[in-house]
Amino acid sequence: MPRPAKKLSFDDVTALVAVLNTMSTQTKKAPLTKPQIAEATGLATPEVTAAYKTLLKKELAQQITAPADMPQKGVYLKTAAKGKAYVKAYDLLFA
């Protein structure tokens with residue numbers, strides 16, 4: 001029997017949007033590392049890790065290869081078009 005999907009709480013959605021917003025500010029520059037995103041959003045590292053997994057699973061972000069001048073270890077994400085629409089909807093609802 002398949003396991004039912006866990007519904008996201010308001011706090012989870014807020015964390016996802018915070019991570020997406022932080023990632024999108026760096027699209028033209030070098031991507032941010034996970035500690036940099038944790039520092040910029042004020043979220044704990046485990047929350048950022050959970051947000052990364054959720055963003056990838058829901059296809060709101062895409063994993064990219066590490067740039068040459070960045071550490072090769074770690075996960076680098078780029079906001080997908082679906083993620084931009086997600087942020088826009090969140091901003092319209094709660095702004």
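What this report covers is the structure whose coordinates are included nearby. (Residues numbered from 1 in each chain as written. Predicted model: local features only at pLDDT ≥ 70, side-chain atom pairs only at ≥ 80, totals over all residues. Heavy atoms only, no water.)

**So, the packing of helix 1 (residues 10-24) against helix 4 (residues 81-94)**
The interhelical angle for the contact between helix 1 and helix 4, taken along N-to-C directions, is 120°, at an axis separation of 10 Å. Overall, the two elements helix 1 and helix 4 adopt an arrangement that is oblique. For the element pair helix 1 and helix 4, the recorded crossing hand is left-handed. Of the residues in helix 4, those in contact with Phe10, Val13, Thr14, Leu16, Val17, Leu20 and Asn21 of helix 1 are Gly83, Tyr86, Val87, Tyr90 and Phe94. The class makeup of the residues in the contact of helix 1 with helix 4 is nine nonpolar, three polar and no charged. (Axes fitted to C-alpha atoms, helices over the stretch in contact; angles between N-to-C directions. Helix = DSSP H or I, 4+ residues; strand = E, 2+ residues; numbered from the N terminus. Parallel < 35°, antiparallel > 145°, perpendicular 65-115°, else oblique. Left-handed = near helix turned anticlockwise from the far one by under 90°. Contact = heavy atoms within 4.5 Å. Nonpolar A, V, L, I, M, F, W, Y, C, P; charged D, E, K, R; others polar.)

**A few points about the environment of Tyr76**
Looking at where Tyr76 falls in the secondary structure, it is placed in strand 2 (residues 76-79). Residue class for Tyr76 comes out buried when judged on its relative accessible area of 2%. As a C-alpha pair, Tyr76 and Ala30 span 46 residues in sequence and 9.8 Å in three-dimensional space. (Buried < 20%, exposed > 50% of the residue type's maximum accessible area, 1.4 Å probe, protein only.)

**A word on a nonpolar patch on the surface**
On the surface, a nonpolar cluster with roughly 360 Å² of combined accessible area is contributed by Phe10, Leu93 and Phe94. The topology assignment puts Phe10 in helix 1. (Patch = residues over 30% accessible without salt bridge, like charges linked within 9 Å, V, L, I, M, F, W, Y side chains within 5 Å. Areas by Shrake-Rupley, 256 points an atom, 1.4 Å probe, with all protein chains shown as cover. Salt bridge = Lys/Arg side-chain N within 4 Å of Asp/Glu carboxyl O.)

**Observations concerning helix 4**
With 14 residues, helix 4 ought to run about 20 Å at 1.5 Å a step, and its terminal C-alpha atoms sit 20 Å apart, in line with that. Regarding helix 4, the residues found buried are Gly83, Val87 and Tyr90. Taken around the axis of helix 4, the buried residues stretch over an arc of 60°, which confines them to a single face. Every exposed residue of helix 4 that faces more than 90 degrees away from the buried side is listed here: Ala81, Lys84, Lys88, Leu92 and Leu93. In the core, the buried residues of helix 4 are packed alongside helix 1 and strand 2. (Expected span 1.5 Å × (residues − 1). Arc of directions from axis to C-beta.)

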